[in-house]
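Here is how the chains run, residue by residue.
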Amino acid sequence: MQLRLEPRALQSRAMRYASPVIAAALTLVMGFILFAALGKNPLAAFHAFFIAPINSINGVAELFLKASPLVLIAIGLAVGFRSNIWNIGAEGQLTVGAIAAGWVALNPAFADSPLLLAGMIVAGAVGGMAWAAVPAFLRTRFNANEILVSLMLTYVAQLLVNYLVFGPWRDPQGFNTPQSPLFADAALFPILIENTRLNASVLLTLVAVAVGWVFLNKSFLGYKTRVVGLSSAAARYAGFSEKRTVWIGMLAGGAAAGLAGVGEVAGPLGQLFPTISPGYGFTAIIVAFVGRLDPVGIVFAGLLMSLLYLGGDSAQISMGLPAAAASLFQGALLFFLLGADVLVNYRVRVIRAGPVARRSFSA
Amino acid sequence: MSDVFAAASGEKSARLELRGICKSYPAVVANDGIDLRVMPGEIHAVLGENGAGKSTLMKIIYGVVKPDAGEILWHGAPIDVASPAHARELGIGMVFQHFSLFETLSVAENVALVLPGKPGLDEVAERIGTVSERYGLAVDPRALVHSLSIGERQRVEIIRCLLQDLQMLIMDEPTSVLTPQAAARLFETLRQVASEGCSILYISHKLDEIKALCHRATVLRAGKVSGTCDPQRETTSGMARLMIGRDLPKCNHPEAAGDGEARLIVDGLSLASENPFGTDLSEIRLVVRSGEILGIAGISGNGQQELLAALSGERATQDAGVISLCGRAAGRLGAAARRRLGLCFIPEERQGRAAIPSMSLIDNALLTAHGQRMVAAGMLRADVMRDFARRCIDDFDVKCAGPDAEAKSLSGGNLQKFIVGREVMQQPKVLVVSQPTWGVDVGSAVSIRQSLIDLRNAGTAVLVISEDLEELFEVCDRIAVIANGRLSQAKRATETDVEEIGVWMSGLWPARVAGPANAHADESVHAT
């Protein structure tokens, strides 16, 4: 007996929408078994994972605060991923965006400008795009692999921010802590809900969702990038430029990641640190794919991922669950989501020895 | 007639018998209860349109594909052909439409790879020499395969089969890559092989060939046997009715209007191929006028791909003036810029080049027809796109679930009708088409050819590149031949015939007649 995956001739539309629900149900079943085996009350664990983090206004605010950069970056990356441009270096683009915004915030020349925050936003986006432009240029000019170049530039960006906060930009009043001076209030996003950390940078994300949706689904340029991603022969036949698509894909990801960097330093952080992001640039890759590279899906995927992180922390604290169990539970959800997706597109066929095959030939 | 063979060879039973063979794929039933009997020494035709299930059936016999149900009897005993290697052990050889030779190895090395044991290359070369002399299959055992012509490669494949103890030879559409003269020589060889007792299964959809060669024919339609007949006695229209279920339709082809303006001029195009095994173009000259169809015949691999890429703009030429389009030097323009000048192009690859399989027909309409007011201020106009796709589906009789159907859900013929419709509806000034009806069912082929003729009548300059001579004579006003990267002069279709074009296809044509676009090309061409 043999198992084989065969492409389905017709994909069920209903199953396409039901697959996340089925995946969630399977995750709960697996979680039930997992937590019970660990000697914990599964219902209490579920509560710690899914309810406790968001049963207060502050919790909900944290959920959105964490989801916002994930969604923002994922939408930028989705533009590239749809055209098979693999920007893996959003983390580095985020860091450079934050550095650029920090430079504007810390520059005394701009301190009194009413456009300080706007200037930081622009600088952040430009910084992220500049960092993404390097792999784009090397790819279009020398056909260098953008996956490697963008990933390696992440480490360069990390060293750059280290140099700045350990060196020229170190806070003179900071007792030698590697961090920049605190930004002035005018250089921070206003808080949206009092007594929470939720700030106006989520509005940037909402704008990005809208722009991303229109670009990917309604614009001719978005269509061209999709064609390049699906078939380079068809793109050449239609006369759509592959190089331009590389630039669009890389710069969209870079701009989004740079903006997310601004959101961090001009939001919850309020200054530059050696670690600006807890890996948003990498997690956003998962968010982009779980959201099926569609802006609306990405919003849900970003919220889910954010909840899983908050829930993991909460379960570790309140239930004493090992960190590994929390990660396992998060991984299981992604596994079931992607697995259900495969089964929407493919069916499993069991191949048994048939009547013809059984009659073996002896020469 | 099969009784004669049984009696002659002293065998009572068929060499091969299939009973109720079924095979289905996810979306299609390829074979549905097929019966077939092949006698020793018989040349048996398996006749059917593209998609009728011929290739699947042959793959089952050759052990490439397992049937879902049914029995295979070899010399009267039921067997299960486990693999192609097993089939060769039994004495079954197959020559595929697309050859399975290593281009960088020599003929002898390619042959040695499939022979049992480990014979030395000298011994293999000697055996190749013997067989090729006996059957008139001239080929040099030491030549590297990539240096061989298509016809020679086919000979290598046949020799490779003949070197084994061959009891049955399967030929899958062998003449699609041959000139008419080479096809005639192949028939001589096959007759000789059959006269020595070997059975031949001959797969084709060309009725004339089957009449000329085969003793018996089994006709397939939509995965089922629609009938068997004796091709010597049955008429071609009778066989066509068995094959397509109705009479063969015809195109309506009035005389060309006369001398229109020259819309597409190629003047001395030489271009090295990007593919190491491709063909370099050399001094190509042609003119296509408004209101005429120029056909380019030739066996595939003689520079057609390279010429098409240069014409469509997928590959730019060094010198802008070499190609002019509606009076503009266009050699260095890209594909999009040439479309804006009024060029439309239909390549032979439908899925993945002319259409994107996973996109809807609406989105596929946008691929090239975006100039039809489908884009305003950079945004897509969904209503215009849908309307265009729907009109294309209606006017060109595309069978599909609707404009939202994905391109991959359409059959090859229906997708081709959609693509032709999409280009024709843009009312191009120049249309370049490659293999317009390759792999398309007979009914669709006629309607596609008719729409090319209608477009010509409306004043478009049409260039058709095809391997199918019948098709070219049906639609073209003038015909030229491409061989080894060189193009012959064009002759009026009414002043030439299949035999003359066939000779030209092997690279031998007379010196050019001086004309406006080929004034300085007075050399005669001797390509191998």
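The residue count restarts for each chain, going from 1 along the sequence in the order it is written. Chains carry letters and ligands carry numbers; both start at the beginning, A for chains and 1 for ligands, and go up in the order they are written. Side-chain atom pairs in this predicted model are given and counted only at pLDDT of 80 or more, local residue features only at pLDDT of at least 70, and totals for whole chains, interfaces and linings cover all residues.

Remarks on the overall build of chain B
Then, in step 1: The secondary structure content of chain B amounts to 17 helices and 25 strands.
Then, in step 2: A globule of 528 residues ought to have a C-alpha radius of gyration of about 24 Å, and chain B, at 25 Å, matches this closely.
Then, in step 3: The C-alpha extent of chain B, read off along each of the three principal axes, is 75 × 55 × 40 Å.
Then, in step 4: Buried residues in chain B amount to 49% of all 528 residues. Secondary structure counts use DSSP, requiring at least four H or I residues in a row for a helix and at least two E residues in a row for a strand, with both numbered from the N terminus. Here the globule rule reads 2.2 Å times residues to the power 0.38, and the radius of gyration is calculated from C-alpha atoms. Exposed residues have 12 or fewer other C-beta atoms within 10 Å of their own C-beta, buried residues have 20 or more, and partly exposed residues fall in between, where C-beta atoms are placed from the backbone.

Points about the interface of chain A and chain B
Then, in step 1: Across the contact, 24 residues belong to chain A and 32 residues belong to chain B.
Then, in step 2: Among the secondary structure elements, those contributing two or more residues to the side of chain A that touches chain B are β1 (2–7), α8 (220–230), α9 (232–238) and α14 (355–358) of chain A.
Then, in step 3: Basically, the charged four are Asp, Glu, Lys and Arg, the nonpolar ten are Ala, Val, Leu, Ile, Met, Phe, Trp, Tyr, Cys and Pro, and anything else, Gly included, counts as polar. Split into classes, the residues belonging to the side of chain A that touches chain B amount to 15 nonpolar, 5 polar and 4 charged. In this description, a residue-residue contact is defined by the distance between C-beta atoms placed from the backbone, which must lie within 7 Å.

Some remarks on the domain arrangement of chain B
Residues and elements named next belong to chain B.
Then, in step 1: Boundaries of every domain are those given by an automatic assignment or by a domain database. Along its sequence, chain B is carved into domain 1 (2–91 + 165–244), domain 2 (250–342 + 431–528) and domain 3 (351–427).
Then, in step 2: Each of domain 2 and domain 3 was reduced to a C-alpha centroid, and the two centroids are 26 Å apart.
Then, in step 3: Between domain 2 and domain 3, the residue contacts involve 11 residues of the former and 10 residues of the latter.
Then, in step 4: Broken down by element, the side of domain 2 that touches domain 3 gets its largest block of residues, 5 residues, from helix α15 (residues 442–457).
Then, in step 5: Its residues assigned to classes, the side of domain 2 that touches domain 3 comprises 5 nonpolar, 4 polar and 2 charged.

Re helix α13 (residues 382–395) of chain B
All names here are of chain B.
Then, in step 1: Multiplying one less than the number of residues by 1.5 Å gives the expected span of a helix. Taking 1.5 Å per residue as the helical rise, α13 with its 14 residues ought to reach 20 Å, and the 20 Å between its terminal C-alpha atoms agrees with that figure.
Then, in step 2: Turning to α13, its buried residues number three or more, namely Met385, Phe388, Ala389, Cys392 and Ile393. Considered in projection along α13, the buried side chains sweep an arc of 130 degrees and stay on one side of the axis. Looking at α13, the residues exposed on the side facing more than 90 degrees away from the buried face are Asp383 and Asp394.
Then, in step 3: Remark: Asp397 follows α13 within two positions and exhibits a positive phi of approximately 55 degrees. Note: the arc covers the axis-to-C-beta directions of the helix.

Some words on the sheet that holds strand β1 (residues 16–25) of chain B
Residue and element names in this part refer to chain B.
Then, in step 1: With respect to topology, 4 strands assemble into an open sheet ordered β2-β1-β4-β5, the strand pairing being antiparallel. Because the sheet does not close on itself, it has two edges, and the strands there are β2 (28–38) and β5 (77–79). Ignoring which end each strand starts from, the neighbouring axes of this sheet average 30 degrees apart.
Then, in step 2: Pairing geometry for β1 and β2, over 8 bridges, is antiparallel. In the sheet register, Cys22 faces β2, and the bridge partner there is Asp32. Note on pairing: two strands pair once DSSP finds at least 2 bridges between them. Angles run from 0 to 180 degrees between N-to-C directions of axes, and those axes are lines fitted to C-alpha atoms, restricted for helices to the stretch in contact.

Some thoughts on the nonpolar core
Then, in step 1: Core analysis: the biggest nonpolar cluster contains 162 residues, and Ile200 and Val464 of chain B have the highest contact counts within it.
Then, in step 2: Residue contributions to this core peak at 6 residues, all from helix α12 (residues 361–369) of chain B.
Then, in step 3: With residues near it in sequence (within four places) discarded, Ile200 of chain B still touches Ile43, His44, Leu169, Met171, Leu190, Val193 and Ala194 of chain B.
Then, in step 4: Core analysis: the next-biggest nonpolar cluster, separate from the first, contains 92 residues, Ala78, Phe215, Leu269 and Tyr309 of chain A among them. Residues of type Ala, Val, Leu, Ile, Met, Phe, Trp, Tyr and Cys that are buried and joined through C-beta atoms within 7 Å form what is called a nonpolar core.

Some remarks on helix α5 (residues 121–135) of chain B
All names here are of chain B.
Then, in step 1: For α5, built from 15 residues, the straight-helix expectation of 21 Å at 1.5 Å per residue is met to within 8% by its first-to-last C-alpha distance of 21 Å.
Then, in step 2: Every buried residue of α5 is listed here: Val124, Ala125, Ile128 and Ser132. Summarising the axial view, the buried residues of α5 lie within an arc of 100 degrees, below the 170-degree limit, and thus occupy one face. Pointing more than 90 degrees away from the buried face of α5 are the exposed residues Asp122, Glu123 and Glu133.
Then, in step 3: In this structure, the buried residues of α5 make contact with α4 (107–114) and α6 (150–162).

A short note on unusual backbone geometry
Residues and elements named next belong to chain B.
Then, in step 1: Phi angles above zero are rare outside glycine, and Glu173 is one such case at about 40 degrees.
Then, in step 2: As for its position among the elements, Glu173 is in the loop between β7 (168–172) and α7 (180–195).
Then, in step 3: You can call Glu173 partly exposed: it has 18 C-beta atoms within 10 Å.
Then, in step 4: You will see that Ala222, though not glycine, has its phi angle at about 50 degrees, which is positive.
Then, in step 5: By the element assignment, Ala222 lies in the loop between β9 (216–221) and β10 (224–229).
Then, in step 6: Given 15 C-beta atoms within a 10 Å radius, Ala222 is considered partly exposed.

Digging into the environment of Gly261 of chain A
Then, in step 1: Looking at the secondary structure, you find Gly261 of chain A in helix α10 (residues 242–269).
Then, in step 2: In this structure Gly261 of chain A comes out as buried when scored by C-beta crowding, with 38 C-beta atoms within 10 Å.

A look at the sheet that holds β9 of chain B
Residue and element names in this part refer to chain B.
Then, in step 1: Strand order in the open sheet formed by 6 strands is β6-β7-β8-β3-β9-β10, and the pairing between neighbours is mixed. Looking at strand neighbours, the two that pair on one side only are β6 (92–95) and β10, the edges of this open sheet. Here the strands of the sheet are splayed against their neighbours by 20 degrees on average, with no regard to which way each runs.
Then, in step 2: In this fold helix α2 (residues 54–61) packs onto β3 (43–48), β6, β7, β8 (199–204) and β9, with an angle of close to 150 degrees to the strand it touches most, β7.
Then, in step 3: α7 contacts β3, β7 and β8 of the sheet and is inclined by roughly 145 degrees relative to β8.

A look at the confidence of the model for chain B
Residue and element names in this part refer to chain B.
Then, in step 1: How sure the predictor is of each residue is captured by pLDDT, a score from 0 to 100. Across chain B, pLDDT averages 87, with 94% of residues at or above 70.
Then, in step 2: Highest mean pLDDT in chain B belongs to strand β20 (residues 461–465) (96); lowest belongs to strand β25 (residues 525–526) (40).
Then, in step 3: Contacts for the low-pLDDT stretch residues 6–11, under 50 throughout, to residues beyond four places or in other chains number 8 contacts.
Then, in step 4: This model gives residues 514–528 a pLDDT under 50, and the stretch forms 28 contacts once residues within four places in sequence are excluded.

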